[in-house]
Amino acid sequence: MTTILATVLIAAAAACHPPAGAAVKRQMIPVTAYYLPSEADGWTGVSMPALAGRTTPRGFWKAVQMNGTGRTARGEWVVIDGPGFREIEAPRGRYGPLRAFETAAAHPSLFPEGTTVCLPEFGGRVMTVTDTGGGLSPTGPLDIFVGDHASFEAWLQSGPTQALVISWRSAESDRLN
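Residues numbered from 1 in each chain as written. Predicted model: local features only at pLDDT ≥ 70, side-chain atom pairs only at ≥ 80, totals over all residues. Heavy atoms only, no water.

Comments concerning the pattern of salt bridges
Worth spelling out the cut-off: Here a salt bridge means any side-chain nitrogen of Lys or Arg lying within 4 Å of a carboxyl oxygen belonging to Asp or Glu. Whether a residue is buried, partly exposed or exposed follows from its accessible area with a 1.4 Å probe, protein chains only, as a fraction of its type maximum: under 20%, in between, or over 50%, in that order.
This model, assessed by the stated rule, comprises three salt bridges. For the salt bridge of D81 with R86, the shortest nitrogen-to-oxygen distance reads 3.8 Å. Look at D81 and you get partly exposed, because its relative accessible area is 41%. Classification of R86 as partly exposed rests on a relative accessible area of 42%. Of the charged contacts in the structure, one is a salt bridge between R99 and E102, with a shortest N-O distance of 2.9 Å. Of the residues examined, R99 reaches a relative accessible area of 37% and is grouped as partly exposed. Among the residues examined, E102 registers a relative accessible area of 38% and is labelled partly exposed.

Some remarks on the state of the cysteines
This is how it is decided: Any two cysteine sulfur atoms within 2.5 Å of one another count as a disulfide. Working definition: helices are DSSP H or I runs of at least four residues, strands are E runs of at least two. Numbering for both runs from the N terminus.
Overall, the coordinates contain one disulfide when judged by the stated rule. A sulfur-sulfur distance of 1.8 Å marks the disulfide that ties C16 to C118. Because the sign of the S-S torsion sets the handedness, a value of about -70 degrees for the bond joining C16 and C118 places this disulfide among the left-handed ones. Of this pair, C16 sits in the loop between helix 1 (2-14) and strand 1 (24-35) while C118 is found in strand 8 (residues 116-119), placing the two residues 102 residues apart along the sequence.

Section: the layout of surface pockets
Unoccupied space between atoms shows up once a probe the size of one water molecule is rolled over them. For the record, the criterion: Grid spacing is 1 Å over the protein atoms alone, the probe is 1.4 Å, and a cavity is where that probe fits but cannot get out, while a pocket is an open set with protein on both sides within 12 Å along at least five of seven lines and lining residues have an atom within 4 Å of a point. Grid points are joined across faces, edges and corners, and a volume is the space filled by probe spheres set on the points.
Quantified by volume, the largest pocket comes out at close to 360 Å³. If you go around the largest pocket, you meet 21 residues; those closest to its centre are Y34, Y35, M66, N67 and G68. The set of elements that each furnish at least two residues to the lining of the largest pocket consists of strand 1 and helix 2 (58-67).

Below, the structure written as structure tokens:
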């Protein structure tokens, strides 16, 4: 069994292709997932101000406050703005747009902005660090943006909680810092 697992990990690690000459790090770290709340997820609570005179359940309002962004039942992306919401074009992390299973959040001392990360145990999926997350520490986790609640629930059932993360930085990401 150990030989099969090692073979699978070696094959998946081969899918991670850092550019020639890149400084590559390999480390085992905790891996978690996050999603942005949707008003359609069935939130409850007293009504709070939302957009254009509408109201929203307090639970959804608090989730948007905690996560920074959320999606209304009508499909608008919103952020907290004073006592209500302000519409935005698309969800963003601190350093750029959020895309499900393509972007992740990490403490800047673990993975600085623009770092490319690859998870062999997750099919060799390659992502870019575009967010810092509020409660992430220098030792982890790497927090993968999974998009919606259903994807988050699926991650809880099958996603790794500790994984080998192969990371590297491009010349372009180094210019950002």
